[in-house]
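# Commentary on secondary and tertiary structure
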Amino acid sequence: MTTTTPGAHLVELAIGGMTCASCAARIEKKLNRMDGVEATVNYATEKAKVTFREDVSVQDLIATVEATGYTAQEPAPPAARPDENGDAADEQDDELAPLRQRLITAVTLAVPVVAMAMVPALQFEYWQWLSLTLAAPVVTYAAWPFHRAAWTNARHGAATMDTLISVGTSAAFLWSLWALFFGTAGMPGMTHPFELTIARSDGAGNIYLEAAAGVTAFILAGRYFEARSKRKAGAALKALLELGAKEVTVLRDRREVLLPTADLQVGDRFLVRPGEKIATDGIVVEGSSAVDASMLTGESVPVEVGTGDAVTGATLNAGGRLVVEATRVGADTQLARMAKLVEDAQNGKAAAQRLADRISAVFVPVVIALAIGTLGFWLGSGEGLTAAFTAAVAVLIIACPCALGLATPTALMVGTGRGAQLGILIKGPEVLETTRKVDTIVLDKTGTVTTGRMALLAVHTAGGEDEKQVLRLAGALEHASEHPIARAVAAGAAAEAGPLPAPEDFANVPGLGVRGVVEGHAVLVGREKLLGMGVPPGPEPVGGPRGRAITLPPALERAKAQAEAAGRTAIAVAWDGEARAVLEVADAVKETSAEAILRLRALGLTPILLTGDNKAVAESVAREVGIDQVIAEVLPQDKVDVVKKLQAEGRTVAMVGDGVNDAAALAQADLGLAMGTGTDAAIEAGDLTLVRGDLRAAADAIRLSRKTLGTIKSNLFWAFAYNVAALPLAAAGLLNPMIAGAAMAFSSVFVVGNSLRLRGFQPADR
């Protein structure tokens, strides 16, 4: 996809062939060396966002990426992407299938190889030849991606973790072949005894097949789980694009024609029935209704629309029948623009540099240089070719990242597994580093701090009126309406006053409320303006002649003013020509939200309430839960701008949200926490998902993420410490296979044991 700005062009390229974060860094470095080019390469989304001058072509950019050893192409436009028939999921499965097959092969064959090498009781007469038979497919077929990446890197003068894995496993395997066919390792009865002594050996009787096969299996497991996490990066866009209506009833030549939404054209008039989604952005040309736009705007109260009002695609028609004229279709709609916002925010994130990859940038070349130096030293000292190669190969084997391959995946698997038990889903290792630095948490209001559903919160009656009678009559009338506020009143009335009677002569007054006869009373429920229109006194038919206007007495007028000042919707109730009560309806605050804010503050975070709702509502909610800073009446693109502004101030921002309107801001934030009770778009755009919909889980999620990150770092430290401590012994030729195997096994066991401690993590309220 290419866009143009004055004097510059912007293109997003899909990058293929990256295996670690250092690959993204290499591509970015190469692109930025081109004159007039500024590039950001994101390993997680496998995309490059490139700004370039007019004298540079897209083909020049693609050629530069290909010259670096990777592939590049312009991504397909949204309309050409896989549709909702499952093609996208099948494509992702196809991409993971080869890696999954290699992992299964490696694990199945490597387990007996490692067992035979480590347990002398399993070393029968020709066990070493069975080990060779089992290890060969692991080191060749299963480890092929590492060898291919190492070769590509070598051709371009670079070394990554793939280089170390490939060189180490190849050296172990090739040396084992030499020892089996030309040394004494192939003799009947050869064993690996438990000799925990430091002694120089010529290596002719030693094999290292368990190291080659085991390391391959361990690293492949880590890569597979990482790849599964990465595949979710584009799911937010798919969830957004699928949110809209799939089919639409278009009015053509006075006939209703059912068409795919993609066939809509600007100027078409289409029908939207109650309960249906509005197919695209447009103007109402006939009818009136209440439109639930909370998923897009965050506004908790449905918006009344009538002829001439604008409506947005993917919002829900909660009331009457509408005829809408399409004004924007396809990529021009607000929904499509929000999808673009999410994509831009994801690609704008700094590439998550995994700690192991950063260290490997120095560690890999040093180890290879040390191995070459060891070989040269022993050859120069006259110890002989065999002893020299033994020491050099030992350096490569002891440096091969066995425990390093387990450090991140095991901690991540245990941490995410424990999180899942507690209703916290962590998407991948790259999100953990951010949790340690987060200092500001932005909270969406609707569905996050509040329930996201309208509820009856209070009843104010005129002097002498019975509250249950008010609820009984008002609830009966509202029960016949489809309006969300009416449903909230009806539900609250049924809960307090019991079964509701059936109304007679029910009528809806568009934009104002409802009226009808309940148990012989002429009842009005709605805005104060509806009462001002007047109704006939007594049990006369509602459709009869207009009676006198009804006014609220001072007590109810004050109750109405106070309710509106608190951001609540005030509903007047009258019957038989007299105002009887005012009902307060609002989006109720979750019972646990105030406690959650206290826990977030205890973690050193500053909470900010961010909402598309009006300021009075937002400030009322903020006071109730203990939030000092409120940013209200913001559109989806404004939410992204607010997050960007906070980041520009030097803050590290976490964002908690649940609606489509939050998706782009969740992607832009340094850490996105999506409520699992929300939309798929928000969940996929977030880094952490809180399944329970309880805001207290946000504090637990940050605590668990920080603890998991700490475990990963301690694992990496001990894994590298083992390598660094053992390297001098290997270079000195003093490391026999049993000590190397035992040390490698111990480091792996330590890493796994350290990771398993995360299973004891408990939420703050337990």
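Residues numbered from 1 in each chain as written. Predicted model: local features only at pLDDT ≥ 70, side-chain atom pairs only at ≥ 80, totals over all residues. Heavy atoms only, no water.

### Some details on a nonpolar patch on the surface
Together, Phe-124, Tyr-126 and Leu-130 line one region of the surface with nonpolar side chains, adding up to about 290 Å² of accessible area. Here Phe-124 shows up in the loop between α3 (87–118) and α4 (127–142). (Patch = residues over 30% accessible without salt bridge, like charges linked within 9 Å, V, L, I, M, F, W, Y side chains within 5 Å. Areas by Shrake-Rupley, 256 points an atom, 1.4 Å probe, with all protein chains shown as cover. Salt bridge = Lys/Arg side-chain N within 4 Å of Asp/Glu carboxyl O. Helix = DSSP H or I, 4+ residues; strand = E, 2+ residues; numbered from the N terminus.)

### Some details on the sheet that holds strand β14 (residues 322–328)
A sheet is described by the order of its strands in space; here 6 strands give the open sequence β7-β6-β8-β14-β9-β12, paired in antiparallel fashion. Of all strands in the sheet, those with a lone pairing partner are β7 (255–260) and β12 (310–311), marking the two edges. As paired elements, strand β8 (residues 269–272) and β14 share 4 bridges and run antiparallel to each other. Its bridge partner being in β14, Phe-270 is matched across the sheet by Val-324. (Pairing = 2+ DSSP bridges.)

### Here's the deal with the sheet that holds strand β11 (residues 303–305)
Spatially, the 3 strands line up as an open sheet ordered β11-β10-β13, and their pairing is antiparallel. Every interior strand has two partners, whereas the edge strands, β11 and β13 (316–317), have only one.

### Points about the side chain of Gln-128
Topologically, Gln-128 is positioned in helix α4. Under the relative-accessibility criterion, Gln-128 is labelled buried at 0%. Residues within four places of Gln-128 in sequence aside, it is in contact with Leu-180, Ala-185, Gly-186, Met-187, Met-190, Ile-207 and Leu-209. (Buried < 20%, exposed > 50% of the residue type's maximum accessible area, 1.4 Å probe, protein only. Contact = heavy atoms within 4.5 Å.)

### Overview of the UniProt feature "transmembrane region" (unreviewed entry) in the protein
Within this numbering scheme, the UniProt entry marks residues 103–120, 126–144, 164–187, 207–225, 359–379, 385–408, 715–732 and 738–756 as carrying the feature "transmembrane region" (unreviewed entry). End C-alpha atoms of residues 103–120 are separated by 27 Å, and the span's content is 89% helix alongside 0% strand. Overall, residues 164–187 shows 75% helix and 0% strand. The separation of its end C-alpha atoms is 31 Å. (UniProt positions renumbered as here; feature names shortened; annotations may be inferred.)

### Considerations on the environment of Pro-112
Its place among the elements puts Pro-112 in helix α3. Here Pro-112 falls in the partly exposed class, since its relative accessible area comes to 30%. Counting along the chain gives 101 residues from Pro-112 to Ala-213, while the straight-line C-alpha distance between them is 9.9 Å.

### Examining helix α19 (residues 554–565)
Relative to the 16 Å expected for 12 residues at 1.5 Å per residue, α19 spans 16 Å between its end C-alpha atoms, a close match to the ideal helical length. All of the buried residues in α19 are Leu-556, Ala-559, Lys-560 and Ala-563. Buried residues of α19, viewed axially, fall in a sector of 100°; they line one side. Exposed residues lying more than 90 degrees from the buried face of α19 are Pro-554, Arg-558, Gln-562 and Ala-565. Two residues or fewer after α19 comes Gly-567, characterised by a positive phi angle close to 85°. (Expected span 1.5 Å × (residues − 1). Arc of directions from axis to C-beta.)

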